[in-house]
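Inside the fold
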Amino acid sequence: MTLKSFPRIHCQTRVRSCKEIGDGVFELSLNRHLPVPFQVPSPAGSNAGKYISKIPVPSPGQFFMLKASISGVLLARPVSVYYCDGASIRFLILKKGRGTGELCALKKGDPVDVTGPSGNGFILPDKIIPGNFNLPEEDEKYFNESKLEAVANASGLLASASALLKLLRSRDIHFLRVALVGGGIGIAPVSFFASRFPEKCFDLFACFRSAPYGMEFAAPRAENIFITTEDGSAGVKGMLPDVFNPSKYDVVYACGPVPMLKYIKASCAGLPVVAFLSLEQHMACGAGACLGCSIPTLSGNRRCCVDGPVFNAAEVCL
């Protein structure tokens, strides 16, 4: 399910700040305002494209290709968006190799090459669930009749509970049971997605090796928060299976290491649960040309950078 097209730009912007927020994890904040306006390519057959002066607002789950403008590496690195407001766009970066090391060493005012936003993103559950609830006309009629009865008679509410729940879940995000799951650096796109939900209508699962990070935007909005750490330094000592029960949810969204995503896919299989996984793959071009980030699916190989990074868990072969 690819979202609407976004103006994909390739430009240079400046660093607002770069700070370490966890063990080897850095928060990089970039200016959205561009020093030089970028001309968006025009559709075929039309006049010259328009100019934009700010990095476009991405959809949660999308990513940018980032590279320090003064760099010793050839390829940019794909990084999911952690937060975006009118002035800045922020990323969480795990320092692993030379490319991410350069990004984590940036200082305020340093130039950065930015390409994106790329890929598809997470889709809010009210855009997904209605197609999974095929309500017959008698359910609709029964629901409307029982609503009137319930006003005067509490037993009427109990009698109509099943039809009521089905209808409310198909019409209102507040009545959907939603789980957002972030593992390690995968907490970044999950946190950004949380900003699109009304408050107190989802549960947040955050899993780390040690001390938690990257939860400041998502945690205040969650109804329930479940934290696991492998070393027991915070929350429950253990991993996601120690706190997660997929049967309690209608929709699950997750980003994290492959073993965690495999567990989510397996545990949701056979249940009336729709699960979406944001996959972390090595990318070279980030534009679908090199095929280096291809993954197997039931529909054949798909490119993570343009067909993903968000996929229906039932479709991917992990």
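Reference entry: report on the structure contained in this document.

Criteria and cut-off values
Residues numbered from 1 in each chain as written. Predicted model: local features only at pLDDT ≥ 70, side-chain atom pairs only at ≥ 80, totals over all residues. Heavy atoms only, no water. Helix = DSSP H or I, 4+ residues; strand = E, 2+ residues; numbered from the N terminus. Contact = heavy atoms within 4.5 Å. Buried < 20%, exposed > 50% of the residue type's maximum accessible area, 1.4 Å probe, protein only. Phe/Tyr/Trp six-rings, centres within 6.5 Å; stacked < 30°, edge-to-face > 60°. Salt bridge = Lys/Arg side-chain N within 4 Å of Asp/Glu carboxyl O. Core = buried A, V, L, I, M, F, W, Y, C linked by side-chain atoms within 4.5 Å. Pairing = 2+ DSSP bridges. Axes fitted to C-alpha atoms, helices over the stretch in contact; angles between N-to-C directions. Arc of directions from axis to C-beta.

1. A word on the side chain of Ser 278
Following the sequence through the fold, Ser 278 ends up in strand S14 (residues 274-278). The contacts of Ser 278, once residues within four sequence positions are left out, are Phe 122, Ala 254, Cys 255, Gly 256, Leu 261, Pro 309 and Val 310.

2. Considering unusual backbone geometry
Cis peptide bonds are those with omega within 30 degrees of zero, and the linkage from Gly 116 to Pro 117 qualifies with -5°. Note that Pro 117 resides in strand S8 (residues 111-118). At the junction of Gly 308 and Pro 309, the peptide bond is cis and its omega measures out at 10° in the coordinates. Within the fold, Pro 309 resides in the loop between strand S16 (300-303) and strand S17 (310-312). Backbone geometry places Lys 200, a non-glycine residue, at a positive phi of 60°. In this structure, Lys 200 sits in the loop between helix H5 (187-194) and strand S10 (203-208). Look at Lys 200 and you get partly exposed, because its relative accessible area is 45%.

3. As for the packing of aromatic side chains
In this structure the tally under the stated criterion is 16 aromatic pairs. On the basis of an interplanar angle of 70° and a centroid distance of 6.5 Å, the ring pair of Phe 197 and Tyr 253 is categorised as edge-to-face. Of this pair, Phe 197 sits in the loop between H5 and S10 while Tyr 253 sits in strand S13 (residues 251-255); the two residues are 56 residues apart in sequence, bridging distant segments of the chain. Look at Phe 197 and you get buried, because its relative accessible area is 1%.

4. Here we look at the environment of Ala 218
Mapping Ala 218 onto the fold places it in the loop between S10 and strand S11 (224-229). Judged by its relative accessible area of 0%, Ala 218 falls in the buried class. When the C-alpha atoms of Ala 218 and Ser 191 are compared, they prove to be 4.8 Å apart, with 27 residues separating the residues in sequence. Once residues lying within four places of it in the same chain are set aside, the contact partners of Ala 218 are Ser 191, Ala 194, Phe 202 and Leu 204.

5. Section: the pattern of salt bridges
Taken as a whole and assessed by the stated rule, the structure comprises five salt bridges. A salt bridge links Arg 177 to Asp 250, with the nearest nitrogen and oxygen atoms 3.3 Å apart. Highlighted residues: Arg 177 in the loop between helix H4 (161-171) and strand S9 (178-183) and Asp 250 in the loop between strand S12 (236-237) and S13, separated in sequence by 73 residues. Classification of Asp 250 by relative accessible area gives buried; the value is 4%.

6. With respect to the nonpolar core
Judged by nonpolar contacts, the single largest core of 33 residues is most densely connected at Leu 180, Ile 187, Phe 197, Phe 202, Leu 204 and Tyr 253. Every element with two or more residues in this core is listed here: S9, H5, S10, S13 and S14. At five residues, H5 tops the list of elements feeding residues into this core. In this structure, Tyr 253 is in contact with Phe 122, Ile 123, Leu 124, Pro 125, Ile 128, Val 178, Ala 179, Leu 180, Val 181, Phe 193, Phe 197 and Phe 276, ignoring residues within four places of it in sequence.

7. Thoughts on the sheet that holds S14
Judged by pairing direction, the sheet is mixed, and its seven strands sit side by side in the order S12-S11-S10-S9-S13-S14-S17 without closing on themselves. At either end of the open sheet lies a strand with only one pairing partner, and these are S12 and S17. For S9 and S10, the ladder comprises five bridges, and the chain directions are parallel. If you follow Gly 183 over to S10, its bridge partner there is Cys 207. Where helix H6 (residues 258-268) meets the sheet, it contacts S9, S13 and S14, and its direction lies at approximately 165° from that of S13.

8. With respect to the environment of Lys 95
Mapped onto the fold, Lys 95 is located in the loop between strand S7 (88-94) and helix H1 (98-104). Each C-alpha atom of the pair Lys 95 and Phe 26 lies 7.5 Å from the other, and the pair is 69 residues apart in sequence. Those residues in contact with Lys 95 that lie beyond four places of it in its chain are Gly 24, Phe 26, Thr 100, Gly 101 and Cys 104.

9. Overview of H6
Turning to H6, its buried residues number three or more, namely Met 260, Leu 261, Ile 264, Ser 267 and Cys 268. For H6, the arc enclosing every buried residue in end-on projection is 135°, short of the 170-degree limit, so these residues lie on one face. With respect to the buried face of H6, the exposed residues turned more than 90 degrees away are Pro 259 and Ala 266. In the core, the buried residues of H6 are packed alongside S9, S13 and S14.

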